[in-house]
Amino acid sequence: MTDPTIQVRNLHKWYSGVHALKDVSLDIQPNETLGLVGDNGAGKSTLINILSGTQRPDGGDIMFEGRPVSFRGPRDAMDAGIETIYQYNSMVPTMSIARNMFIGREPTKLSLFGIGLMDLPRMRRESVQAIADVDLHLRSPDALVGELSGGQRQGVAIARAMHFKSKVMILDEPTNHLAVKETQKVIGFVQSLKDLGITAVFISHNIHHVFECCDRIVAMARGEIVLDRRTADTSMDEILSVL
Amino acid sequence: MKRILKIYLEKPELAGIVFLIVLAFVFQSRSNGVFLNAQNLQGMFGLLPEMALVAVGVTLLMICGEFDLSVGSVFALTPMIMGVMLAAHWPFILAFPAGLLAAAAVGLVNGTLTVRFAIPSFITTLGMLFVARSLTVVISGGFPPVIPQGAMPREMFTAFIGPGGMIRMSFVWFVVIAMLVSFILSRSNFGNWVRATGGFLPAAQSMGIPTSRVKIACFMICSVLAGFAGTLQVMRLGAPLPSIGEGLELQAVAAAVIGGTALTGGIGTILGGIIGAVLIRAIDNGLVLSRVDANWFKMALGALTVFAVIMNAWLRTKAKNMKVETHK
């Protein structure tokens with residue numbers, strides 16, 4: 001087997017006296033779809049916040065593709081190739097799809113100190129392509145994200161991550177607050193990541209969804225990993241019993 | 001056809017233009033043709049840039065999701081600093097930038113306090129409203145400084161130009177600045193960050209936008225524009241009074257809101273803010289010309305503000321619910 005894509009070693013995190021992550025170690029293999037389950041406060045959000053650069057660990061190391069990394073912000077993680085799609089969406093509802101696709105990574109012309117003119121035609125063109133690539137049909141790249149359904153928004157977020165050639169996609173509760181049909185669509189997106197060679201971490205507290213699209217399941221409770229099995233080797237009862 | 005209507009309904013600033021045209025007709029007939037005559041327009045174009053520049057800055061900041069109540073005070077402080085320096089025989093080339101620098105500093109303080117301590121900008125800038133006003137009175141020593149004759153290059157800022165001296169230079173400054181800010185907001189990546197920061201802060205942060213710096217930059221732009229506007233007024237009047245710009249902060253918010261800017265951030269256009277400012281000036285002027293008691297102005301302004309917000313919200317839902325045939 002090749003090197004793991006992400007290696008987490010002895011990670012610790014405290015929040016004002018609460019030990020949120022207790023010595024967590026985890027390997028995520030290339031191209032696997034890992035399901036991360038656990039109750040509220042089990043530490044799964046803390047773990048993925050550290051992986052996506054929004055929080056810094058109090059102890060421990062992270063290796064990405066064999067090299068030690070230290071993310072100072074979400075942008076560092078994104079530049080390395082780790083893109084996170086959040087529960088409450090990483091989209092601005094009052095902005096168009098094309099603008100949302102490129103937030104913080106706008107292609108510019110004539111730029112000075114990082115500020116420049118956006119290449120709007122290119123943004124529209126590339127977002128149409130990126131959305132078509134995930135098999136999503138939207139009427140126009142100028143439509144506001146606020147007018148899309150929850151599932152469509154997650155689709156656009158995934159299209160964005162793919163457009164920027166992410167190697168690892170972290171999906172934080174992407175199926176929350178979605179209708180049944182929409183949920184199936186998002187699970188379809190997650191399943192398709194495997195064929196595209198993308199490593200995925202799927203966080204959910206709906207165990208059914210995790211069983212549907214993950215190769216391996218990791219369960220967390222009270223800041224520790226309490227179970228780590230291949231999906232084929234475990235059952236819902238076993239996971240429920242450890243949570 | 002329906003598509004065009006939907007696009008129209010989604011742009012509240014266009015509704016503002018329609019309203020402005022209606023008002024122009026009403027005032028024109030009520031004032032027996034004085035409202036749109038050359039002399040009156042000349043007067044309106046002369047006054048408009050001062051308030052409209054403040055509205056441009058406030059609109060930008062509101063789109064970024066923040067608020068500035070201190071613009072009226074900065075409007076007085078900036079030219080006062082310039083005036084005191086000119087009275088002490090400093091050259092204009094130093095006094096003018098010194099005033100604007102002070103305005104930028106006020107914006108920096110507003111922004112830094114708001115972001116650093118995560119408090120509502122309503123509070124920070126309310127405090128600054130008093131602080132900057134007090135500072136203005138203190139440095140003036142209670143009397144407006146006497147600016148030496150010819151110390152200000154008024155031909156560059158407030159002189160009448162154009163055919164028949166129809167407009168003042170200040171109007172040219174205003175148009176250029178407004179176009180620049182509008183262009184930055186709609187076409188630059190910084191503009192995209194401003195909209196994202198005001199539209200949905202957590203998303204902007206998670207995408208790695210330096211939201212604190214974006215906000216502070218908007219506070220500073222807003223302050224500098226207010227300071228520049230105040231400087232224009234002082235050049236027009238000839239002497240810096242410590243009381244100018246009182247109440248302007250709320251008029252600027254009213255202008256932005258009338259033009260379709262949302263208090264919650266993320267929604268709005270610079271053009272909308274300008275149209276709001278034009279409407280306010282036109283009502284002020286039109287009421288007087290129609291021989292209505294001038295004390296009705298604030299009543300009209302208040303009613304228009306509330307009416308405009310209700311109208312904009314209604315138009316927005318109407319437009320949203322309008323189904324447009326889609327081609328695959």
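Residues numbered from 1 in each chain as written. Chains lettered and ligands numbered in written order. Predicted model: local features only at pLDDT ≥ 70, side-chain atom pairs only at ≥ 80, totals over all residues.

### Quick look at the interface of chain A and chain B
- With 27 residues of chain A in contact, the opposing surface of chain B contributes 21 residues.
- Of all the secondary structure elements, the ones that give two or more residues to the side of chain A that touches chain B are helix 2 (74–80) and strand 8 (115–118) of chain A.
- Broken down by element, the residue count for the side of chain A that touches chain B peaks at four residues, all from strand 8 of chain A.
- Partitioned by chemical class, the residues of the side of chain A that touches chain B number 12 nonpolar, 10 polar and five charged. (Contact = placed C-beta atoms within 7 Å. Helix = DSSP H or I, 4+ residues; strand = E, 2+ residues; numbered from the N terminus. Nonpolar A, V, L, I, M, F, W, Y, C, P; charged D, E, K, R; others polar.)

### Notes on helix 5 (residues 150–163) of chain A
Residues and elements named next belong to chain A.
- Taking 1.5 Å as the rise per residue, helix 5 with 14 residues should run 20 Å; its terminal C-alpha atoms sit 20 Å apart, in good agreement.
- Of all 14 residues that make up helix 5, 11 are buried, and the element is covered over most of its length.
- Buried within helix 5 are the following residues: G151, Q152, R153, Q154, G155, V156, A157, I158, A159, R160 and A161.
- Taken together, the buried residues of helix 5 touch strand 6 (82–85), helix 3 (97–101), helix 4 (120–133), strand 9 (168–172) and helix 6 (180–195).
- At the exit of helix 5 stands K165, carrying a positive phi of roughly 55°. (Expected span 1.5 Å × (residues − 1). Buried ≥ 20, exposed ≤ 12 C-beta atoms within 10 Å, placed from the backbone.)

### Points about the packing of helix 5 (residues 92–116) of chain B against helix 11 (residues 211–237) of chain B
Residues and elements named next belong to chain B.
- Running from N to C, helix 5 and helix 11 point in directions that differ by 145°, and their axes come no closer than 7 Å. Crossing of helix 5 against helix 11: the hand is right-handed. On helix 11, the residues that touch G99, L100, A103, A104, V106, G107, L108, N110, G111, T112, T114 and V115 of helix 5 are S212, K215, I216, F219, M220, C222, S223, V224, A226, G227, F228 and T231. (Axes fitted to C-alpha atoms, helices over the stretch in contact; angles between N-to-C directions. Left-handed = near helix turned anticlockwise from the far one by under 90°.)

### Let's talk about the sheet that holds strand 12 (residues 224–230) of chain A
Residues and elements named next belong to chain A.
- One open sheet accounts for six strands, arranged 6-9-10-3-11-12; its pairing is mixed. Taken across any chain shown, the strands that pair with only one partner, and hence form the sheet edges, are strand 6 and strand 12. Sheet twist, expressed as the mean angle between neighbouring strand axes with direction ignored, is 15°.
- Direction of pairing for strand 3 (residues 33–38) relative to strand 11 (residues 216–221): parallel, over a ladder of five bridges. (Pairing = 2+ DSSP bridges.)

### Considering the environment of A52 of chain B
Residue and element names in this part refer to chain B.
- Looking at the secondary structure, you find A52 in helix 3 (residues 38–63).
- Between the C-alpha atom of A52 and that of Q251, which follows or precedes it by 199 residues, the distance is 10.0 Å.
- For A52, the residues in contact, after removing those within four places along its chain, are F174, I274 and A277.

### Overview of the nonpolar core
- Judged by nonpolar contacts, the single largest core of 154 residues is most densely connected at F202 of chain A together with V54, A55 and L60 of chain B.
- Ranked by residues supplied to this core, first place goes to helix 11 of chain B with 16 residues.
- Beyond its immediate stretch of four places on either side in the chain, L60 of chain B contacts V181, L185, C218, I221, C222 and I270 of chain B. (Core = buried A, V, L, I, M, F, W, Y, C linked by C-beta atoms within 7 Å.)

### Looking at unusual backbone geometry
Residues and elements named next belong to chain A.
- For S16, which is not a glycine, the phi torsion comes out positive at approximately 30°.
- For S16, the position within the fold is in the loop between strand 1 (6–15) and strand 2 (18–28).
- Its 5 C-beta neighbours within 10 Å are what place S16 among the exposed residues.

### Quick notes on the confidence of the model for chain B
Residues and elements named next belong to chain B.
- In the predicted model, chain B carries a mean pLDDT of 90, and 98% of its residues have values of at least 70.
- Across chain B, the element-wise mean pLDDT spans from 71 in helix 1 (residues 2–9) up to 97 in helix 5.
- Scored by ipTM, the complex comes to 0.83, with pTM at 0.89. (pLDDT = per-residue confidence, 0-100.)

### Describing the pairing of strand 10 (residues 199–203) of chain A
All names here are of chain A.
- Of all five residues in strand 10, five are buried, a share of seventy percent or more.
- The side-chain alternation of strand 10 yields two buried faces, one formed by T199, V201 and I203 and the other by A200 and F202.
- Each parallel crossover has a hand, and for strand 9 linked through helix 6 to strand 10 it is right-handed. (Right-handed = clockwise from strand over helix to strand, strands pointing away.)

### Notes on the confidence of the model for chain A
- Mean pLDDT over chain A works out to 87, with 99% of the residues at or above the 70 mark.
- At the level of individual helices and strands, chain A shows its lowest average pLDDT in helix 8 (residues 236–242) of chain A, which scores 82, and its highest in helix 3 of chain A, which scores 93.

### A closer look at the environment of I275 of chain B
Residue and element names in this part refer to chain B.
- By secondary structure assignment, the location of I275 is in helix 13 (residues 270–289).
- The exposure class of I275 is buried, given the 25 C-beta atoms found within 10 Å.
- Separated by 259 residues in sequence, I275 and G16 place their C-alpha atoms 6.5 Å apart.
- Dropping the residues within four chain positions of it, I275 is found in contact with E13, G16, I17, L20 and G259.

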